[in-house]
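Chain by chain, the residues:
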Amino acid sequence: MIGTDIQKAVDFLKQGEVIGLPTETVYGLAGNALNPDAITKIFKVKNRPRFNPLIIHLPNIDALTQYAMIPSEKILQLANRFTPGPLTFLLPKRNNIPDLVTAGSPRVAIRIPRHPLCQAVLSKLDFPVAAPSANPSGYISPTTAQHVAQQLGSKIPYILDGGPCEVGLESTIIGIEDENLVVYRKGGISIEAIESVVGEVAVNTHSSSNPESPGRLSQHYAPAVGIQIGNIARLLPDKDPKKTGILSFSTYYEEVPRTHQYCLSSSGNLDEAAQNLFKGLRYLDNIAGLDLILSELVPEEGLGRAINDRLRRAAAKT
Ligand code: TXA
Ligand code: MG
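Residues numbered from 1 in each chain as written. Chains lettered and ligands numbered in written order. Predicted model: local features only at pLDDT ≥ 70, side-chain atom pairs only at ≥ 80, totals over all residues. Heavy atoms only, no water.

K.L.:
I keep staring at the environment of Ile56 and nothing clicks. Help me out?
P.N.:
Turning to its location among the elements, Ile56 is positioned in strand S4 (residues 55–57). Separated by 125 residues in the primary sequence, Ile56 and Leu181 have C-alpha atoms spaced 20 Å apart. (Helix = DSSP H or I, 4+ residues; strand = E, 2+ residues; numbered from the N terminus.)

Spelled out as structure tokens, the structure:
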């Protein structure tokens, strides 16, 4: 059931249930991080491998320090500048975080979301909320309550509807190794924005199936229809226009019916493109009769870097 009742969402979470929860990035599949039954339900509903750990969500920095250590002044600077917001910190965990949540790792991923409904829910709870993106493992992340309902609606009692997600891409994940900041997943806070606060950071998002490597499974965010990335105009002549979908940055193509095309931002705005990316992939994936989606990369700057990362992982399946 979809609704806007904050108290209902709070009550379900207190009872150990798992619900759909809006954040500014994507919708989460939320449960009490301190309740082993709730955590087990999250892994089951998502069909997620147990070795893939969960991000926990808290209302503010004070709450964060109850569950993790802040090992560096730079992390604190980033937290002060970008939270609440789409930045996740990978930090040494305290003993009160169950190993089930971190898949046995000594580090826990924590974020402080800024979506007002999510903030309202978190501030009424005395436990942290674990929430991976609310999609079946490996599929496109949901950016509306309806997306969650379409795939997981029959498995969970409630989805709190906070409208379409403002950012549209998952949070950026950052941690520290030997005093150096490392970005493990590109996301809603750009590398440029991070570097404007703490100087140069390392980026290590290489694909891996190793649980120490957050969000880096090479094949991910994938629609059922295959994706090919390249120069759309050049790739089109070999394709059957009736069976081809197009996900473009800012143009439409005459060779293909308009209904088979999704343009991320007609004005070429990267923030808007990020907002629309997962919606566009879902739209094309639901058109009957397509056997291929052609797509192109966007400029490699700002949120464009995270968009390109998701496109490459979506295409890695084909
Ligand atoms: O924006 C977001 O971060 C969304 C919203 C719902 O908050 N959540 C999200 O969660 O994207 P999820 O589970 O779909 O992606 C989190 C990634 C996973 O790839 C996981 O492997 C990694 O973070 N991760 C979580 N905890 C970790 C840990 N302790 N150590 C290493 N990687 C971790
Ligand atoms: Mg996910």
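Still more to cover.
K.L.:
How should the packing of helix H10 (residues 270–285) against helix H11 (residues 304–315) be read in this particular structure?
P.N.:
Each pair of packed helices can be summarised by the angle the axes make with each other and by the distance between the axes. Interhelical geometry of H10 versus H11 gives an angle of 25° and a closest axis separation of 9 Å. Compared by their axis directions, H10 and H11 come out roughly parallel. Along this stretch, H10 crosses H11, giving a crossing that reads as left-handed. Residues Leu270, Ala273, Ala274, Leu277 and Phe278 of H10 touch H11, and the partners they reach there are Gly304, Ile307, Arg310 and Leu311. (Axes fitted to C-alpha atoms, helices over the stretch in contact; angles between N-to-C directions. Parallel < 35°, antiparallel > 145°, perpendicular 65-115°, else oblique. Left-handed = near helix turned anticlockwise from the far one by under 90°. Contact = heavy atoms within 4.5 Å.)

K.L.:
Mind showing me how you'd approach the pairing of strand S15 (residues 292–295) here?
P.N.:
Consecutive residues of a regular strand have side chains that alternate between opposite faces of the sheet. Residues of S15 alternate between two faces, with Leu292 and Leu294 on one and Ile293 and Ser295 on the opposite face, all of them buried. Note that strand S12 (residues 227–229) and S15 share 3 bridges and pair parallel. Paired with Ile227 across the two strands is Ile293, which belongs to S15. Summarising the sheet, strand S13 (residues 244–248) and S15 pair through 4 bridges and their orientation is parallel. Residue pairing in the sheet places Leu247 in a bridge with Ser295 of S15. (Buried < 20%, exposed > 50% of the residue type's maximum accessible area, 1.4 Å probe, protein only. Pairing = 2+ DSSP bridges.)

K.L.:
Help me out: how do you make sense of the environment of Leu303 in this one?
P.N.:
Along the chain, Leu303 turns up in the loop between S15 and H11. With 31 residues separating them along the chain, Leu303 and Glu272 place their C-alpha atoms 9.6 Å apart. Look past the residues within four positions of Leu303 in its chain and what remains in contact with it is Leu169, Gly187, Gly188, Ser190, Leu270, Asp271 and Ala274.

K.L.:
Even after reading the chapter, I still don't get the packing of helix H4 (residues 73–82) against helix H8 (residues 191–198), so can you show me in this structure?
P.N.:
One way to put it is that H4 packs onto H8 with a least axis distance of 10 Å and a crossing angle of 120°. Judged by the inter-axis angle, H4 sits oblique to H8. Both H4 and H8 take part in a crossing whose hand is right-handed. Contacts from Lys74, Gln77, Leu78, Arg81 and Phe82 in H4 reach Ala193, Ile194, Val197 and Val198 in H8. Partitioned by chemical class, the residues of the contact of H4 with H8 number 6 nonpolar, 1 polar and 2 charged. (Nonpolar A, V, L, I, M, F, W, Y, C, P; charged D, E, K, R; others polar.)

K.L.:
Quick question: what am I supposed to make of the confidence of the model for the protein here?
P.N.:
The predicted coordinates of low-pLDDT regions are not to be read in fine detail. Of the residues in the protein, 95% reach a pLDDT of 70 or more, and the chain-wide mean stands at 94. pLDDT under 50 marks residues 209–213. Its contacts with residues more than four places away, or in other chains, come to 7 contacts. (pLDDT = per-residue confidence, 0-100.)

K.L.:
Explain the sheet that holds S13 to me, please; I cannot follow it from the model alone.
P.N.:
In sheet architecture, strand pairing relies on hydrogen bonds along the backbone and comes in two forms, parallel and antiparallel. With respect to topology, 4 strands assemble into an open sheet ordered S12-S15-S13-S14, the strand pairing being parallel. Looking at the sheet topology across the chains shown, the edges are occupied by S12 and strand S14 (261–263). Each adjacent strand pair in this sheet contributes to an overall mean axis angle of 20°, direction not counted. Alignment of S13 against S14, held across 3 bridges, turns out to be parallel. Each residue of the ladder has a partner; that of Ile246, found in S14, is Gln261. Across the sheet, H10 is in contact with S12, S13, S14 and S15; its angle to S14 comes to roughly 175°. Against the sheet, H11 engages S12, S13 and S15, with an angle of about 130° to S12.

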